[in-house]
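Tertiary structure, described
What follows is the residue order along each chain.
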Amino acid sequence: MTQRDVPSLYDSFALYGSGVTLVSVRDDAGDRFFIAASVLTASVDPFTIALSVGGNRDALPVITGGATWAVSVLGTQHLPLVRALTTRTSPAERLDALAATGAESSPEGPLWLPDALVTLWARAHTVLPVHDQFLLVGEVTRGSVHQHSTPLLRWNRDFRTTTAVPATRASVA
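A brief look at the structure comes next. Small disclaimer: the values here were computed from a predicted structure and weren't measured.

**Here's the deal with the environment of Arg-26**
Within the secondary structure, Arg-26 is located in strand S2 (residues 21-27). Classification of Arg-26 by relative accessible area gives partly exposed; the value is 31%. Discounting chain neighbours no more than four positions away, the residues touching Arg-26 are Asp-31, Val-62, Ala-67, Ser-105, Gly-109, Pro-110 and Leu-111. Among the polar contacts listed, one links the side chain of Arg-26 to the side chain of Asp-31, at a separation of 2.8 Å.

Dropping the structure here:
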């Protein structure tokens, strides 16, 4: 194998699949939101989630300032929304796309999607700078009713869905 055959780290990390979420927060200036794929359960007692947030996200200072934020886990029905939010468009166009998808203000303030697989509301617990990102850990304060849908995934620089895998019986050796 030559050096030319070795994929770049960017190519390799693109093959690390993850779910797709909408992260939103609200302050006096309005709604701030972004799509995040690097979200995980950090703890179950108490429930906390962790996500990687780019240091240039305008939502980050609002979140770290103590505002409640929401993470909506997206399904395949949200693919057009994700495309609209990840394409170069104006903030007004992105907000219009959210409204057209049915986003609503939650009692805590941030927008959420009632047809998301689930939405979790959290408050910042820990923020750790990691190069050009911040690792944000939030204590979950509430969750929504679970919706049935196929999850939307980020894999190989695109958004995809899962496919049905035939059930197999585990063999005992």
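**A few points about the pattern of salt bridges**
Counting across every chain of the model gives six salt bridges. When the shortest N-O distance is used, the salt bridge between Asp-31 and Arg-26 registers 2.8 Å. In this structure, Arg-32 engages Asp-27 in a salt bridge whose closest nitrogen and oxygen atoms are separated by 3.1 Å. Several salt bridges converge on common partners, so that one network encompasses Asp-27, Arg-32 and Asp-58.

**Examining the sheet that holds strand S3 (residues 30-36)**
If you walk across this open sheet you meet the seven strands as S3-S2-S6-S9-S10-S5-S4, and the pairing is antiparallel. With partners counted over all chains shown, the strands left at the sheet margins are S3 and strand S4 (39-44), one partner each. Here the strands of the sheet are splayed against their neighbours by 35° on average, with no regard to which way each runs. Pairing of S4 with strand S5 (residues 47-54) involves five bridges; the strand directions are antiparallel. Each residue of the ladder has a partner; that of Ser-43, found in S5, is Thr-48.

Cut-offs applied
Residue positions are given per chain, counting from 1 as you read along its sequence in written order. Under the rules for a predicted model, residues below a pLDDT of 70 receive no local features and side-chain atom pairs below 80 are neither given nor counted, while totals for whole chains, interfaces and linings still include all residues. Where side-chain values are given, they derive from all heavy atoms of the structure, hydrogens and water being excluded. Numbered from the N terminus, helices here are DSSP runs of H or I no shorter than four residues, and strands are runs of E no shorter than two. Using a 1.4 Å probe on the protein chains alone, a residue whose accessible area is under 20% of its type maximum counts as buried, one over 50% counts as exposed, and one in between counts as partly exposed. Contacts between residues were defined by any pair of non-hydrogen atoms, one from each residue, lying within 4.5 Å. Throughout this description, a polar contact denotes any pair of N or O atoms lying within 3.5 Å of each other; where both atoms belong to protein, one of them has to be capable of donating a hydrogen while the other can accept it, and for residues adjacent in sequence the pair is counted only when both atoms sit in side chains. Salt bridges are counted wherever a side-chain nitrogen of Lys or Arg sits within 4 Å of a carboxyl oxygen of Asp or Glu. Two strands are counted as paired when DSSP detects at least two bridges linking them. An axis is simply a line fitted to the C-alpha atoms; with a helix, the fit covers only the stretch in contact. Between two such axes, the angle follows the N-to-C directions and lies from 0 to 180 degrees.

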